[in-house]
Structures are given as structure tokens and as C-alpha cells.
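# Breakdown of the fold
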Amino acid sequence: MEISEQTSKLKRDALKVIWQAIESVNPENAINRNFRLKYENLHVGDTILKLSDFQKVHIVGAGKASTQMAKALENILLKRLTGGMVYTKRGSEVPLHTVNVFAADHPVPDRDSLLAAQRTMEFAKNCELQDLIICLISGGASAMWSLPVSGVNFEDKQKTVATLLKCGANIHEMNTIRKHLSRIKGGHLAQMAHPATVVTLAISDVVGDEISSIGSGPTVGDPTTFKQAMAVLEKYNIALELPSSVLDYLWNGAQRKNKETPKPSDPLFKKNPVCIISTNGDALNTAMETGRHLGYKTYIHTGKLTGEASVIGPKLVQKIKEMAASRRPGDQPIMMLSGGETTVTVKGNGKGGRNQELALAAAIALEGEHEIIAASIGTDGVDGETDAAGAFADSTTITRGKAKGLDAAAYLADNNSYEYFSNLGDLIKTGPTGTNVMDIQVLVIS
């Protein structure tokens, strides 16, 4: 079955919406909106800092957007910037003038992640009262700064992260455990840098924009506890899959035998400004404006989408069908937007990511429907461990797959959505975008 011209148009419009949404959360633009130098005063969100109070100004950072964020700060601070170092995902390095750029792996940390955290903590240890540290945090920081607590070796930390990624835990649950196994996350970086002033500029990649979860909150107090970390292990029944050193450390912490992470009430955080400069909500608002400009009656269904991707896909299809049920002849076509971060419980051996899995589940629900398309993408341009940002689904996706001998349900069960969409030419490939505000879904009905 061929794709109709109308369906092709819907896909083109969805891509326009996606690209505009991604551009709206460009890290350099976000920095320029929230960080200004005026008359020797630094304006950080609603906070004003006098540069004359500091002898040195440093940048440290980690995450997929850290290079672009640092570049924007270099252009603002110029000679007032002493220097710095940021860590980004391997393959995304771009040389800067004053700030050194390094690479580490994501989503599972590698040895460079360990070195990155060690270097950053050593730098923080040597800072003094009149030092200003501007810390840049974005999606991927949790993996790119990895410094396990004493008694847990790096390989055990790697195995723990890999287990969490497969079990279906959401980002808040994952980071609760990460913070309690780390000497840099959960406020420890700011604690090490004290009494220096630490400014945090963060791009949110977590549902709800909870600052202590963004990059596992290295510069802010941690409201979570060892008991909550243990509850995550119980919820997903993964305790026996973790190394004994990890299980022992978390268990002892829950029994108050290991020291808790620094809490938000700790006085050391009081003088440290925090500014979330870009969110999924920003991207969705731009997407909505773009959709309306293109002639669609556009709605934001939710900005807090969570749950199992294979379950959420069909639910989104059902929602847009309900919206369309009350339309009258001549009404505008409908565009429904959502954002957030779903999860995948990996049971198969295939290749894919949460956005491709959501799209494949949506495709099954769309079979035989009249000209509806669904697109789901990761705003960082990388979905799972693939070269795709996500995928398109439409009412012909399953029929076209059958013509090629593809069983969509079997591919979904094997978590092999990448191969399915690759065979149909329906993968969405943007390349790394340099930002990360979780995922966006665009559904359109003509």
C-alpha cells in the first residue's frame, strides 16, 4: 500500500513542528535568555551577582548540551572567564576558546566518566571563597560524571546502571539510586566546592523539572533517601541482579549505617543560585504555536507523559480519535502534542528506543484508520542506542510491513522497533541536536 499525498503532508507538517520545537530549546538561546552581564553585574534568572565579589570565574559542566551552553557563556563573559571544563557525549565534542571540552559515554558510564568526575571534584576541592563556579547541567550528566562511593567499584556501578535501564525504572527512580551510590551527585559537588559560590544552569530532561533529579543534582540538596532507593529495588524486583557491594551499601544506608546525601535544608546551598533555563514545556509551547500557524487546531495533551512506551502509544491514538469524534465537516485538522519520558522494560533482544517502541505500538492501533499519523522523537536526536531520534507511524505502517513479511507484534515483543521502521524507511533521523528536554509526540488527524 502506498502512502497518500495527504498522509505525506501530515508527516511533513509534523517534522516542521518537531524542528521548531527543538530549535526553541537551543542551549545557546536558553543561556542568552537567562544569563546576562550588565554593568559588571551577572543576572542569573532573578538573581543578581556582583562580579567584583569574585576573583575567579570558572565553568564546569556535564551533559549533552554542556558544550553549547559553555560556548554561550564564553561569548558573554569574555576575558572575565578564568577557564573551565565540560564533559559531553562522545562524538559531540566541539573545541572552545577558554573552556576545555572532554567526552564520556552515555547512558552507561565508561572509564572517562570516572576520570571526568574525579577531575571535577579535584577542581572543586581547590576552590575558595572568592571563586564563582558556573555549573552547567543537562541530560546525560548522570552518566558523564560517575564517581562511586567507597566500597563500590566502577564495574559494579556500570552493571547497576545497565540493570536500571532495562527494568523500566523512570528517571527519578534511577537517579534516586545513582545519588546514593555517588560521591559527586546528590549535592556532593557543591559540598566539595564550599565556600565557593556555585551557580547552576540546568536544561531539564526530567518530568516535573525537579532540579535534584536533573543530572542527579550534583549542586543541589537531595530530598531522596536510602530507604527510597531500596524501595525502587523492591518495586522492580532487581535486588538479586545487582552486585553485592551495591546492595550492601544501599541496605546499610537504609539502616543509617552510611551517611545520607546532603539535604536541601543544608546551609551550604543557600547562597547558590539555581536556574532551569529550558524545559520540555518550552518546546511544547513552540510546537503548539507552529501547529496553529500551519492551520491545525492544536492541543497539548500533557507535558508529563510517563509509563510503558508500548502501552502509551495506543492510548495516545485513542485520545486523538476521541478529540476528532466531535468534529464537524469543514473543521480544521487536529494536532495533538505531548511530552515527557516513557520507559521500556526490555524483554527481547532487538534494537530500538522508547520513542520507536511507542511509535510501533501506536502503528498497531492505527491499522486501518483514516489518515492519522503519529511521530515520537527524543529531542536530543538519539533514541536508545540507535542513530534515530524516533519514528513515524501511520494507518499504513502495519500493512506495508506485512507486504515485506514483517510481523509488527513480534518485532514489538522483541523490542526491535528500529529494524521494523528501518525496513519501511520511517525512522526519524535528526542527528545529535545538542540539547535534551526529553521526548515529544506529535499526532495529527486530517
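Residues numbered from 1 in each chain as written. Predicted model: local features only at pLDDT ≥ 70, side-chain atom pairs only at ≥ 80, totals over all residues. Heavy atoms only, no water.

## Some details on the overall build of the protein
The criterion, for reference: Elements are defined by DSSP. Helices are runs of H or I of four residues or more, strands are runs of E of two residues or more, and each kind is numbered from the N terminus. Values of the radius of gyration come from C-alpha atoms, whereas the globule rule sets the reference at 2.2 Å times the count of residues to the power 0.38. Only protein chains enter the area calculation, which uses a 1.4 Å probe; residues under 20% of their type maximum are buried, those over 50% are exposed, and those in between are partly exposed. Should any heavy atoms of two residues lie within 4.5 Å, those residues are considered in contact. Using a 1.4 Å probe, accessible areas were evaluated by the Shrake-Rupley method; residue-level cover was limited to the displayed protein chains. Positive charges come from Lys and Arg, negative ones from Asp and Glu, while His and the chain ends are left out of the count. A charge is said to be at NZ when it belongs to Lys, at CZ for Arg, at CG for Asp and at CD for Glu.
Scanning the protein for helices and strands turns up 16 helices and 15 strands. Its C-alpha radius of gyration of 23 Å places the protein within 12% of the 22 Å reference for a compact globule of 446 residues. Once the C-alpha set of the protein is aligned to its principal axes, its extents read approximately 65 × 55 × 35 Å. Counting across all 446 residues of the protein, residues that qualify as buried make up 57%. Contacts spanning at least 24 positions in sequence make up 79% of the contacts within the protein whose residues lie at least 6 apart. When the accessible surface of the protein is summed, it comes to about 18,400 Å², and 48% of that surface belongs to carbon and sulfur atoms. Positive and negative side-chain charges in the protein, numbering 48 and 48 respectively, have mean positions lying 4 Å apart.

## Things to note about the sheet that holds strand β6 (residues 99-104)
Quick note on the threshold: DSSP calls a pair of strands paired once it identifies at least 2 bridges connecting them. Angular values range over 0 to 180 degrees, each being the angle between N-to-C directions of two axes fitted as lines to C-alpha atoms, with helices fitted over their stretch in contact.
The strand order β6-β5-β4-β7-β8-β9 describes an open sheet built from six strands, whose pairing is parallel. At either end of the open sheet lies a strand with only one pairing partner, and these are β6 and β9 (274-278). Mean inter-strand twist for the sheet, computed between neighbouring axes without regard to direction, equals 20 degrees. As paired strands, strand β4 (residues 56-62) and strand β7 (residues 131-137) are joined by seven bridges and run parallel to one another. Each residue of the ladder has a partner; that of K56, found in β7, is D131. Sheet contacts for helix α2 (residues 27-34): β8 (197-203) and β9; angle to β9, the most-contacted strand, approximately 135 degrees. Against the sheet, helix α3 (residues 66-77) makes contact with β4, β5 (83-89), β6, β7, β8 and β9, and its axis sits at roughly 145 degrees relative to β7, the strand it touches most.

## Some remarks on the pattern of salt bridges
For the record, the criterion: Here, a salt bridge means any side-chain nitrogen of Lys or Arg that lies within 4 Å of a carboxyl oxygen of Asp or Glu.
All told, the structure shown has 22 salt bridges when counted by the stated rule. One salt bridge connects E5 with R12, and the closest N-O pair in it is separated by 3.0 Å. Across the pair R400 and D426 runs a salt bridge whose closest N-O atoms are separated by 2.7 Å. On the criterion of sequence distance, the pair formed by R400 in helix α14 (residues 397-403) and D426 in the loop between α16 (417-424) and β14 (427-428) is long-range, its members being 26 residues apart. Like R400, the residue D426 is buried in the burial classification. What emerges from the salt-bridge pattern is a single network uniting K11, D394, R400 and D426.

## So, empty space enclosed by the protein
For the record, the criterion: The rule is simple: put a 1 Å grid over the protein atoms alone, call a set of points where a 1.4 Å probe fits but cannot get out a cavity, call an open set with protein on both sides within 12 Å along at least five of seven lines a pocket, and count a residue as lining if it has an atom within 4 Å of a point. Grid points are joined across faces, edges and corners, and a volume is the space filled by probe spheres set on the points. Each residue gets one of three labels, nonpolar for Ala, Val, Leu, Ile, Met, Phe, Trp, Tyr, Cys and Pro, charged for Asp, Glu, Lys and Arg, and polar for the others, Gly among them.
All told, the structure shown has three cavities of 30 Å³ or more when counted by the stated rule. Of all the elements in the fold, those that place two or more residues in the lining of the largest cavity are α4 (111-125), β7 and α8 (188-193). As a volume, the second largest cavity reaches approximately 40 Å³. Counted by class, the lining of the second largest cavity contains six nonpolar, three polar and no charged residues.

## Topic: the packing of aromatic side chains
Under the convention used in this document: To pair, rings of Phe, Tyr and Trp, with the six-membered ring standing in for Trp, must have centres within 6.5 Å; the planes then decide the type, stacked if under 30 degrees apart, edge-to-face if over 60, and tilted in the middle. Only lysine NZ and arginine CZ atoms are considered, and such an atom sits over a ring when it is within 6 Å of the ring centre and within 35 degrees of the ring normal.
Counted by the stated rule, this structure contains four aromatic pairs. Ring geometry for Y411 and Y420: centres 5.5 Å apart, planes at 70 degrees, overall edge-to-face. There is no split in this pair, since Y411 and Y420 are both buried. Pairing Y420 with F421 gives two aromatic rings, centres 5.8 Å apart and planes at 85 degrees, and the pair type is edge-to-face. As far as burial versus exposure is concerned, Y420 and F421 are alike and both buried. The residue whose ring lies beneath R119 is F102, and the NZ or CZ to ring-centre distance is 4.5 Å.

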